[in-house]
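# What the coordinates show
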Amino acid sequence: MDLSSLAIFSPVPTSSNSIAYNRKFSCSSEKYAGLELNEDKRLKIDKPLDANSLIGAEPHYRTVKNLLLWNVSFIDVVLISSPMGMLGLPFLTRNKDFSAKVYATEATARIGQLMMEDLVSMHKEYRQFYGAEESDAPQWMKWDELELLPLELRQIVFGADGTEFGGWMPLYSAADVKACMLKVECLKYAEEACYGGTLIIQAFSSGLEIGSCNWGISGPKASISYISSSVFSSAAAMSFNYQALQRSDVILYSDFSSCNGLDKFDNDDNCSGAAGNNYSNLSSDDVNSEGHDTLLNDEEYLEEMEKLNFICSCSVDCIKAGGSVLIPIARIGITLQLLERFAVNLASENMRVPIFLISSVAEELIAFTNIIPEWLCEQWQDRLYSGQPLFSHVEMLKDGRLYLFPAIHSLKLLKTWQEPCIVFCPHWSLRLGPVVHLLLRWSADQNSLLVMEEGLDANLALLPFKPMAMKVLQCSFVSGIQMQKSHHLLKILQPRHVLFPEILRQHIGPLETVFSFNYYSENKMVHIPYMKDSELDITVELACQLQYTTLKQQDMNISRLKGELMIEHGRYRLHLGNDEQVSSHPRPLVHFGRIDLNNLLTALQKLDMNATLEEVTGAAGSHKASRIHVSEPSKAMIEVIEAQTVISAADENIASVISQAISGVLDCI
């Protein structure tokens, strides 16, 4: 679900006949997606983008390409790694053929559910203001209207390769969200979930956001670790627990945050530890010691705190000048940290400025953060253990410095409202929710400040609100593993094989590693080297009862056993059954192996039997069976085929003697 694509829509439709659009990209082709442009239309399209260029309709969402063509019945398991990842789940689960198991952490599931409900609420408000769509096929999706789109917007609608137009969908409903959550199994931190009786699935903190996780999957034949965007030293969430993912057979590396970076993943001095060191020549203790120091330095944490302090400093300056501050940031961890910093900074300036958190789920979200300490950073956990409130906003709510309201038109908000103020509200796309109304109010105020998170095209996002006198501060927060740290991480984890996304190929230089690796991409099957055979653990109590026999036909010892086969931590394990007792009565022998016909003839001759061998062939000359005919002391026949051996005799005693002879040439246990 691509939320950044919301930029092609206008937050305020100009009229029922207007056509609106918005977002970035470029296209130099005059023929695109099968549409020919005549000269008159080209003149309309080539004009500079303005607010009237945007799509004046209820926002749609671009989902995964070809989602409607998927056979979702083939999906067995869905793993959700972050609250933001929950937003697209109802598009999948509302398919009637969807029956997969969905796993997410408790924090991710609850925060994600609140985000989905808030998004649905904002769409409901949009329809209340501007009316609902007239049909399931909006006017802007018709071909004659698409022709009038500016080229860069048309490329957003169709995608870079012109194949993504079918991925646009209206938002799901509140009922879809409710049905979706019924299919999610929530896991506590590091809780084991058993899927299919053979796979053990666990979630470990990734450090990116409260509740965000990486996944460990272990089974009898292999173990797999899934690494999503992760942060080693998080200022809000529990830090990246990478040690829980050590020595996996396969690592699926899915951190895309370094794609736009300038650093490369290779064996230069930036990612090989001390100069001249080659990790493949160091002991595991040396690797761990040197690697941990590199991964767990405070550089990321200090950089994050510096950015937060800078935002607070700029906000205080604007408030002193009489302006207000608008912060539409989606990440709950960043919001909680900013509330902490504002409490300190405003108190140090002896300023009492109201802070408003406006969202249909504001109260539920703030309340939930107080009951999930296991997903918070150590600093906040220490407060809990010392008997202090987890967050400063608890006191801010009590003394009237922080207010929570469900909607901007709330009567209580209108009575409480005063400026200058600080407002946290959705939506970060600047197309829905309270942020639209507040931007229209403050965009002409040069003393006010808008704080945006990097990743959104600011020029395109702010297009409906221009001319803008309001100050804009766009910040990038730590959102994944720096590429130079990835090498250290993988050498500490010591996997056998690593799968990198194809988009990282250009960032990964030559590697000297003990693990193999290749790349994966959309809609392409990847072959992973075979890791290991199935292994079976036998308890000591059961192993002590084994009595081995040496096979006649092979140099191997073998023993019969009886117990209970179980799956523990993704491994086969054989236990002595509760009702199993050592019996004094011998068990019947089990014979196995291939009959050596010459040895059988010799054994029969020693028993004074006259026997001859006949080979029976099929119609095409292929071997069908072997028959041994016994003529004395009485007639009998032994037919040996691949699947069985059949004794035919009129005399029961002769049949018994032949059976003993056959047993004598076979292995038994």
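Residues numbered from 1 in each chain as written. Predicted model: local features only at pLDDT ≥ 70, side-chain atom pairs only at ≥ 80, totals over all residues. Heavy atoms only, no water.

Per an unreviewed UniProt entry, the recorded name for the protein is Integrator complex subunit 9 homolog isoform X2, and the organism is Sesamum indicum.

## Considerations on unusual backbone geometry
Cis geometry is found at the peptide bond from Lys466 to Pro467, where omega equals 5 degrees. By the element assignment, Pro467 lies in the loop between helix 15 (458-461) and strand 18 (471-475). Of note, the bond from Glu632 into Pro633 is cis; its omega dihedral lies within 30 degrees of zero at 5 degrees. Mapped onto the elements, Pro633 comes out in the loop between strand 28 (623-632) and strand 29 (636-640). At Leu430, a residue that is not glycine, the phi angle is positive and equals roughly 65 degrees. Relative to the elements of secondary structure, Leu430 occurs in the loop between strand 16 (422-424) and helix 14 (434-442). With phi around 55 degrees, Gln494 is a residue other than glycine that occupies positive phi space. Take Gln494: it is sitting in the loop between helix 16 (483-493) and strand 19 (497-501). (Helix = DSSP H or I, 4+ residues; strand = E, 2+ residues; numbered from the N terminus.)

## Concerning the packing of helix 18 (residues 597-606) against helix 19 (residues 652-665)
Helix-helix packing: each pair is described by the crossing angle between the helix axes and the interaxial distance. The contact between helix 18 and helix 19 brings their axes to 9 Å, and the two run at 135 degrees. Viewed along their axes, helix 18 and helix 19 adopt a mutual orientation that is oblique. When you trace helix 18 past helix 19, the crossing you get is right-handed. Contacts between helix 18 and helix 19 involve Asn599, Leu600, Ala603 and Leu604 from the former and Ile658, Ala661, Ile662 and Val665 from the latter. Taken together, the residues that form the contact of helix 18 with helix 19 break down as seven nonpolar, one polar and no charged. (Axes fitted to C-alpha atoms, helices over the stretch in contact; angles between N-to-C directions. Parallel < 35°, antiparallel > 145°, perpendicular 65-115°, else oblique. Left-handed = near helix turned anticlockwise from the far one by under 90°. Contact = heavy atoms within 4.5 Å. Nonpolar A, V, L, I, M, F, W, Y, C, P; charged D, E, K, R; others polar.)

## Description of the pattern of salt bridges
Throughout the structure, instances matching the rule amount to 15 salt bridges. Note that Lys96 and Asp97 form a salt bridge whose closest N and O atoms lie 3.5 Å from each other. Note that Lys188 is salt-bridged to Glu106, the shortest N-O span being 3.2 Å. Taken together, the residues Lys188 in the loop between strand 7 (184-187) and strand 8 (193-195) and Glu106 in helix 3 (residues 106-130) connect sequence positions 82 residues apart. The exposure class of Glu106 is partly exposed, given its relative accessible area of 29%. (Salt bridge = Lys/Arg side-chain N within 4 Å of Asp/Glu carboxyl O. Buried < 20%, exposed > 50% of the residue type's maximum accessible area, 1.4 Å probe, protein only.)

## Structural notes on the pairing of strand 25 (residues 571-575)
Across three bridges, strand 21 (residues 536-538) lies against strand 25 in parallel orientation. Within strand 25, the residue paired with Asp537 across the bridge is Arg573. Direction of pairing for strand 24 (residues 564-568) relative to strand 25: antiparallel, over a ladder of five bridges. Pairing of Ile567 across the sheet is with Tyr572, part of strand 25. (Pairing = 2+ DSSP bridges.)

## As for the sheet that holds strand 21
Note on sheets: strands pair through backbone hydrogen bonds, and any given pair is parallel or antiparallel. Read from one edge to the other, the open sheet built from three strands follows the order 21-25-24, with strand pairing classed as mixed. Because the sheet does not close on itself, it has two edges, and the strands there are strand 21 and strand 24. For this sheet the average axis-to-axis angle between neighbouring strands, irrespective of direction, equals 30 degrees.

## Some thoughts on the packing of aromatic side chains
Counted under the stated rule, the structure contains 24 aromatic pairs. On the basis of an interplanar angle of 75 degrees and a centroid distance of 5.8 Å, the ring pair of Phe232 and Tyr242 is categorised as edge-to-face. Note that Phe232 is positioned in the loop between strand 11 (223-227) and strand 12 (250-253) and Tyr242 in the loop between strand 11 and strand 12, a separation of ten residues in sequence. Relative to Tyr519, the ring of Phe500 has its centre 6.2 Å away and its plane inclined at 40 degrees; by these criteria the two rings are tilted. Of the two residues, Phe500 sits in strand 19 while Tyr519 sits in strand 20 (residues 516-520), which places them 19 residues apart along the sequence. For the residue pair Phe500 and Tyr519, the accessibility class agrees, reading buried in each case. (Phe/Tyr/Trp six-rings, centres within 6.5 Å; stacked < 30°, edge-to-face > 60°.)

## Regarding the sheet that holds strand 12
Spatially, seven strands are ordered 8-9-10-11-12-19-20 in an open sheet, and the strand pairing comes out mixed. Unpaired on one side and paired on the other, strand 8 and strand 20 mark the two borders of the sheet. Neighbour to neighbour, the strand axes of the sheet diverge by 20 degrees on average, direction disregarded. For strand 19 and strand 20, the ladder comprises five bridges, and the chain directions are parallel. The partner of His497 across the bridge, within strand 20, is Ser516. Taken strand by strand, helix 16 contacts strand 11, strand 12 and strand 19, and its axis lies near 160 degrees from that of strand 12.

## Let's talk about the environment of Ser230
With respect to the helices and strands, Ser230 occurs in the loop between strand 11 and strand 12. Separated by 16 residues in sequence, Ser230 and Asn214 have C-alpha atoms that sit 8.1 Å apart. Here Ser230 is in contact with Ser206, Asn214, Phe240, Asp255, Gly480 and Ile481, once residues within four sequence places are set aside. A polar contact of 3.1 Å, which involves the side chain of Ser230, links it to the side chain of Asn214. (Polar contact = N/O pair within 3.5 Å; in protein donor to acceptor, adjacent residues only side chain to side chain.)

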